[in-house]
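Chain by chain, the residues run as shown.
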Amino acid sequence: MKKKIMVLLCLLCMAALLGGCGTAKKENSDKKNDAKDESKKETEKIEYNVDDYVELGEYKGLKVELGTYEVTDEDVKNEIEIILLSYPVYEDLDKDTVEDGDFVNIDYEGLKDGTAFNGGTAEGAVLEIGSNSFIDGFEEGLIGAKVGEKVALDLTFPEDYQNEELAGQAVVFNVKVNKIVSKSDMTYDMLNDEFVKTNLSSQGYQNVEEFKKGVKEELESGKETTKNTETQAALVQELKKVCKVNGFPEGLLEQKEQEYLEQFKSNLKMNFGMELEDYLKTSNITEEQFDAQIEQYVTENLETQLIIEAIAKKENFEIDEKKFADYKKSVVEDFGYESEEALLEQYGEDYVRTVYLNEQIIKLLEENAEITYNENVKDGGAVQMQGEDSGEDTPKEDADESDKEKEDSAGESDNP
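Residues numbered from 1 in each chain as written. Predicted model: local features only at pLDDT ≥ 70, side-chain atom pairs only at ≥ 80, totals over all residues. Heavy atoms only, no water.

Peer 1: How do you make sense of the packing of aromatic side chains when you look at a structure like this?
Peer 2: Remark: the centre distance and the inter-plane angle together describe each pair of aromatic rings, the angle taken between the planes. Evaluated as defined, the whole model comprises 20 aromatic pairs. With centroids separated by 5.8 Å and ring planes inclined at 80°, the aromatic side chains of Tyr-69 and Tyr-373 adopt a geometry described as edge-to-face. Linking Tyr-69 in the loop between strand E2 (63-66) and helix H3 (73-84) with Tyr-373 in strand E9 (residues 370-373), this pair joins segments that are 304 residues apart in sequence. The class of Tyr-373 is partly exposed, set by a relative accessible area of 32%. Clustering of aromatic rings is evident, with ring pairs tying together Tyr-108, Phe-117, Phe-134, Phe-138, Phe-157, Tyr-161 and Phe-173. In this structure, Lys-227 is placed above the aromatic ring of Tyr-373, and the distance from its NZ or CZ to the ring centre is 4.4 Å. (Phe/Tyr/Trp six-rings, centres within 6.5 Å; stacked < 30°, edge-to-face > 60°. Helix = DSSP H or I, 4+ residues; strand = E, 2+ residues; numbered from the N terminus. Buried < 20%, exposed > 50% of the residue type's maximum accessible area, 1.4 Å probe, protein only. Lys NZ or Arg CZ within 6 Å of the ring centre and 35° of its normal.)

Peer 1: What exactly am I supposed to notice about helix H4 (residues 193-200) here?
Peer 2: Structurally, the α-helix is built with 3.6 residues per turn, so residues lying three or four positions apart point the same way. The set of residues buried in H4 consists of Phe-195, Val-196, Asn-199 and Leu-200. The buried side chains of H4 occupy one side of the element, clustering within an arc of 100° when seen end-on. Exposed and oriented more than 90 degrees from the buried face of H4 are Glu-194 and Lys-197. Residues of H4 that are buried in the fold lie against H3, strand E3 (89-92) and helix H5 (208-242). Capping the start of H4, Asn-192 holds a side-chain oxygen 3.2 Å from the backbone nitrogen of Glu-194, two or three residues further along. (Arc of directions from axis to C-beta. Contact = heavy atoms within 4.5 Å. Polar contact = N/O pair within 3.5 Å; in protein donor to acceptor, adjacent residues only side chain to side chain.)

Peer 1: I'm lost on the pairing of strand E6 (residues 150-156) in this one. Help?
Peer 2: If a strand is regular, its side chains alternate between the two faces of the sheet. What you see with E6 is a clean split: Val-151, Leu-153 and Leu-155 sit on the buried side and Lys-150, Ala-152, Asp-154 and Thr-156 on the side with no burial. As defined by bridge partners, E6 adjoins strand E7 (residues 170-184) across seven bridges and the pair is classed as antiparallel. Note that in E7 the partner of Leu-153 across the bridge is Phe-173. (Pairing = 2+ DSSP bridges.)

Peer 1: I'm lost on unusual backbone geometry in this one. Help?
Peer 2: Trans peptide bonds make up the majority, and among non-glycine residues the majority have a negative phi. One non-glycine residue, Asn-284, lies in the positive phi region at around 60°. Position of Asn-284 among the secondary structure elements: in the loop between helix H7 (276-283) and helix H8 (287-314). Of the residues examined, Asn-284 reaches a relative accessible area of 69% and is grouped as exposed. For Asn-316, which is not a glycine, the phi torsion comes out positive at approximately 55°. Tracing the sequence through the fold places Asn-316 in the loop between H8 and helix H9 (321-335). Classification of Asn-316 as exposed rests on a relative accessible area of 63%.

Peer 1: What is the right way to look at the packing of H5 against H8 in this model?
Peer 2: Axes are the key here: two packed helices are described by the angle between their axes and the distance separating the axes. It is the contact of H5 with H8, at a shortest axis distance of 11 Å, that shows an interaxial angle of 80°. One element, H5, and the other, H8, form an angle in the roughly perpendicular class. Contacts between H5 and H8 involve Val-236, Leu-239 and Lys-240 on the former and, on the latter, Glu-300, Glu-303, Thr-304, Ile-307, Ile-308 and Ile-311. Looking at the contact of H5 with H8 residue by residue, the classes come out as five nonpolar, one polar and three charged. (Axes fitted to C-alpha atoms, helices over the stretch in contact; angles between N-to-C directions. Parallel < 35°, antiparallel > 145°, perpendicular 65-115°, else oblique. Nonpolar A, V, L, I, M, F, W, Y, C, P; charged D, E, K, R; others polar.)

Peer 1: Looking at this model, I keep getting lost on the packing of H5 against helix H11 (residues 349-367). Mind explaining?
Peer 2: Running from N to C, H5 and H11 cross one another at 85°; their axes reach a closest spacing of 10 Å. Accordingly, the angle class assigned to the pair H5 and H11 is roughly perpendicular. From H5, Thr-231, Gln-232, Leu-235, Val-236 and Leu-239 reach across to H11, where they touch Ile-362, Leu-365 and Glu-366. Taken together, the residues of the contact of H5 with H11 break down into five nonpolar, two polar and one charged.

Peer 1: Hey, could you run me through the environment of Leu-66 in this one?
Peer 2: Tracing the chain through its elements places Leu-66 in strand E2. With 308 residues separating them in the primary sequence, Leu-66 and Asn-374 have C-alpha atoms 6.0 Å apart.

Structure representation (structure tokens):
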């Protein structure tokens, strides 16, 4: 089962929208660059009375209508059909000579300077000749080979190959053609226990019934996450209709924009090895357009943050430190942080505390709202959050490999 996400991390705060009083986030102290000392400087704290900027309306009794989040048999069938596309069915052919367009079952071993290199060896891999899945010369070198024949291919990896150790290097691939096969897709109606056991036992399924049940549970988990996310997003939208924000404390918006930008660039560097200039070029947007997007996003989130603060103040809400400690522990476990210290080093205590405060206030709104789930509302929900990826509500889990080699098993980074 997928783990519950910390919904408001994305919904209200994102990466740099920290505590409403303008306290600073803590930068990663392990950064090894010239900006290390600069990044560790704390942002100046901006003091303000939130009541001077927010006019609260009737925030209890909000009315929200969303679609249904039930999982139907048709949903299960559609999901299974998508999954089955990754598990094609191969049948042996009597054909004995490889031609362009054939699917061939092969064993191969890649040698560099006479030594096998990582990722260059496979058994029972299925390759479509002419698919250009392997480096130049590999597939062409198998055309005309006989079933049972062993072929030595003298090849060279491209200069821009992703594995720097192999880029531009001369290698030899010893390939055995096991058989020529036909390929077809398994369908929902053709599904049987033998197929499930052969291909999906590594995922814990031994028969069709278990497979269907497991898929349904995964869909239900995803739907529940989407339901929570969209319900909270809809509540926030309704909240902003009844409450009014009359400007921001001087310098606060600019501060939050800068914090967001710094965190954005840090995440780009950490997760993708990209600079902001690379991102803008890849996204085909100008720096002016990017700045405008940041301003709009931060403005909308800061308005929400101030309203949340004002409600917390009116409700005399105080954070229970024991519950907050448990909350931090759950975030560490759910998102795979090495420790609580690692979490706080990345985001800062004030940021996590603000996310927790937001979550508690949203719960209060939800408990006092009139929420209707109506199957006549299209697309599951009436609201979609700006900038949120549909279907990516939980940390993506690694896909389990099947027990037998799949067609793309030779597509690893070190394979030809």
